[in-house]
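What the coordinates show
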Amino acid sequence: MKLSGWGRYPTHNVRESAPRSIEQLQEFVAAGSAVARGNGRSYGDSAVSAFNTISTRHFNKMISFDTQTGTLVAEAGVLLGDVISSFLPLGFFPYVTPGTKYVTLGGMLAADVHGKNHHLEGSMYNYVDWFEIIDASSKMIRCSRKENSELFSWTIGGMGLTGIIVRVAIRLRPIESAWIAQTTVPVKNLNEAIDAFENNLSSTYSVAWIDCLSSGGSLGRSIVMLGEHAHESVLDDVQKKTLFKHVDRAKWTLPVALPRCLLNRVTVKVFNAMYFRYGQKTKGTRLVSWDSFFYPLDALLGWNKIYGRRGFLQFQCVIPLEKSSEGLHELVTEISSTGGGSFLAVLKRLGESAGGISFPMSGYTLALDFPVNGRNMKLMDRLEQITLQYGGRFYLAKDARMSKSTFRSSDSRVTDFISMRENSGMNQNFESMQSTRLGL
Ligand SMILES: Cc1cc2nc3c(=O)[nH]c(=O)nc-3n(C[C@H](O)[C@H](O)[C@H](O)COP(=O)(O)OP(=O)(O)OC[C@H]3O[C@@H](n4cnc5c(N)ncnc54)[C@H](O)[C@@H]3O)c2cc1C
């Protein structure tokens, strides 16, 4: 079958198995060169193995929930969206969420996902109590901060290269309501955007949409959005009646890949101008639903076909805090002058790192999509060089094309990760197209 990540590039013709029991799973792992596949929402080739891709879709049961501590024990193939629809009505929400709820718990741990609150509350790592994993010897073992702690640390962020996670125990956050008090702050350029983040470090959530085609004094003009789980006291009577209501928004589906000519500098410019105007109009604080605040893209199912048949690439880097301003200016100038950027460029403030090889570090992360073509491949080479020049690193969950040397130059922890895999035999048992490309 043809398998790819969310970017639909690269695509590989490989076999995927979907074991239904732990015993079957252990047999597949013993065959070697295995990698787990959750819901395929990583963009590139991290959830595809040339020989042995193992889907976790049948490991989709929730096992227990403790309403006192908010601790959920569930199988790794459970979708985040199902966690929300089950526990939001009880007043709980995930501590950390990526920009889509169509990810599995296993995928969230493996990528050590970060959300709009990383600057304050960190990544998924912080909310995992333990997990059970099929390791390189095909045994199922439990890992926590006390038990097999080294494997615990390398696995969260380890992109499936340390084993197949089977069960997880994670903590959910008690909330007073599912409504989000969103404050919208339109800013004129990148400097103002950075000021808005730094002046609002105590906001639980912060994120900016950034116009990567603007230039001159408007370079990096943005809409910064701050958010808090709304307290019950600020809700009106109607909202109080829907405190934890799980409202399923209307969803649209993009049935076929759009012609590539629809996405060009002019359409992106028009979209950006309209979005910026909308941001100015909605300036200030208002209550919005959790779904539209956290998951605006989930409203259009299959939006990844918007970039046409050849698919798209995502670029996501983080630049360390002390060099963020300089580095971001150089990145955005490069993108703006090439004009190849996407509708959706996102800027976030990250806090301290956790996990053996996980992506976040204190600084600013910029993420944006590019349709696959020769010009954008060259642009991404240049963006990678700028990132390296400022001491930044790259998010493997978004990568589909980086070279071995770029990845190694970006992160001194890579050599330890490789040695750990070699010493434990993991390099024989766990392998993805990405890990082969990056020489992991
Ligand atoms: C629209 C969109 C928005 C996003 N926003 C964010 C964001 O804000 N922040 C962020 O951090 N990420 C974000 N992501 C990336 C996404 O959260 C990660 O790629 C996540 O890992 C996808 O989960 P998945 O279940 O689809 O995993 P897959 O894509 O199937 O797999 C991803 C990796 O996890 C490994 N894996 C999956 N399941 C297991 C398992 N059971 N055991 C061991 N390894 C496993 C795979 O081998 C692979 O290396 C976004 C993605 C999309 C499409």
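Residues numbered from 1 in each chain as written. Predicted model: local features only at pLDDT ≥ 70, side-chain atom pairs only at ≥ 80, totals over all residues.

1. A word on helix H10 (residues 324–338)
This is how it is decided: Helix and strand definitions here come from DSSP, where helices need a minimum of 4 consecutive H or I residues and strands a minimum of 2 consecutive E residues; each element is numbered from the N-terminal end. Every helix has an expected span of 1.5 Å times one less than the residues it contains. For every residue, the other C-beta atoms within 10 Å of its own C-beta are counted; 20 or more classify it as buried, 12 or fewer as exposed, and values in between as partly exposed. C-beta atoms are placed from the backbone. As used here, the arc is the angular range of directions from the helix axis to the C-beta atoms. Each residue gets a C-beta atom placed from its backbone, and two residues are in contact if those atoms lie within 7 Å.
Taking 1.5 Å of rise per residue, 15 residues should cover 21 Å, and H10 covers 21 Å from first to last C-alpha, within 8% of that figure. All of the buried residues along H10 are Ser324, Gly327, Leu328, Leu331, Val332 and Ile335. Axial view of H10: buried residues confined to an arc of 120 degrees, hence all on one face. The elements touched by buried residues of H10 are helix H6 (190–198), strand S18 (312–320), strand S20 (363–371) and helix H11 (374–389).

2. What to know about the site of the ligand
The condition that has to hold: Here, nearness is defined through the C-beta atom: a residue counts as near a molecule or strand if that backbone-placed atom lies within 6 Å of it. Any residue outside Ala, Val, Leu, Ile, Met, Phe, Trp, Tyr, Cys, Pro, Asp, Glu, Lys and Arg is labelled polar, Gly included; the first ten of those are nonpolar and the last four are charged.
Of all residues adjacent to the ligand, which total 33 residues, the nearest are Gly38, Pro98, Gly106, Gly107 and Gly160. Where the shell around the ligand is concerned, the elements lending two or more residues are strand S4 (34–37), helix H3 (105–111) and strand S11 (164–174). Ranked by the residues each element gives to the shell around the ligand, the list is headed by H3, at five residues. The residue inventory of the shell around the ligand, partitioned by class, reads 16 nonpolar, 15 polar and two charged.

3. Quick notes on the domain arrangement of the chain
Short version of the rule: A domain assignment, automatic or from a database, supplies the domain bounds used here.
In terms of domain boundaries, the chain breaks down into domain 1 (2–55 + 419–437), domain 2 (62–174) and domain 3 (179–402). Relative to domain 3, the C-alpha centre of domain 2 lies at a distance of 24 Å. Domain 2 puts 27 residues into the contact, and the matching count from domain 3 is 26 residues. Contributing elements (two or more residues each) for the side of domain 2 that touches domain 3: helix H4 (118–121) and helix H5 (149–155). For the side of domain 2 that touches domain 3, the leading source of residues is H4, giving three residues. Here the side of domain 2 that touches domain 3 is composed, by residue class, of nine nonpolar, 15 polar and three charged.

4. Here we look at the sheet that holds S18
What counts here: Pairs of strands are assigned from DSSP output, requiring at least two bridges between the strands. Helix axes are fitted only over the stretch in contact, all axes being lines through C-alpha atoms; the angle between N-to-C directions runs from 0 to 180 degrees.
If you trace the eight strands from one edge of the open sheet to the other, you get S16-S12-S14-S13-S19-S20-S18-S21, paired in antiparallel fashion. Here the strands that pair on one side only, and so sit at the sheet edges, are strand S16 (284–289) and strand S21 (393–394). Across two bridges, the pairing between S18 and S21 is antiparallel. Each residue of the ladder has a partner; that of Val318, found in S21, is Arg393. Each of S18 and S20 touches H10; the most contacted strand, S20, lies at about 10 degrees to it. Relative to S18, H11 is tilted by about 10 degrees, and along the sheet it contacts S18, S20 and S21.

5. Structural notes on helix H8 (residues 265–281)
Under the 1.5 Å per step criterion, the end-to-end length of H8 is 24 Å for 17 residues, consistent within 8% with the ideal 24 Å. Every buried residue of H8 is accounted for by Val268, Asn272 and Gly279. Take H8 and look down its axis: the buried residues cluster within an arc of 35 degrees, on one side only. Opposite the packed face of H8, turned more than 90 degrees from it, sit the exposed residues Val266, Thr267, Val270, Met274, Arg277, Tyr278, Gln280 and Lys281. Buried residues in H8 make contact with strand S12 (179–187) and strand S14 (222–229).

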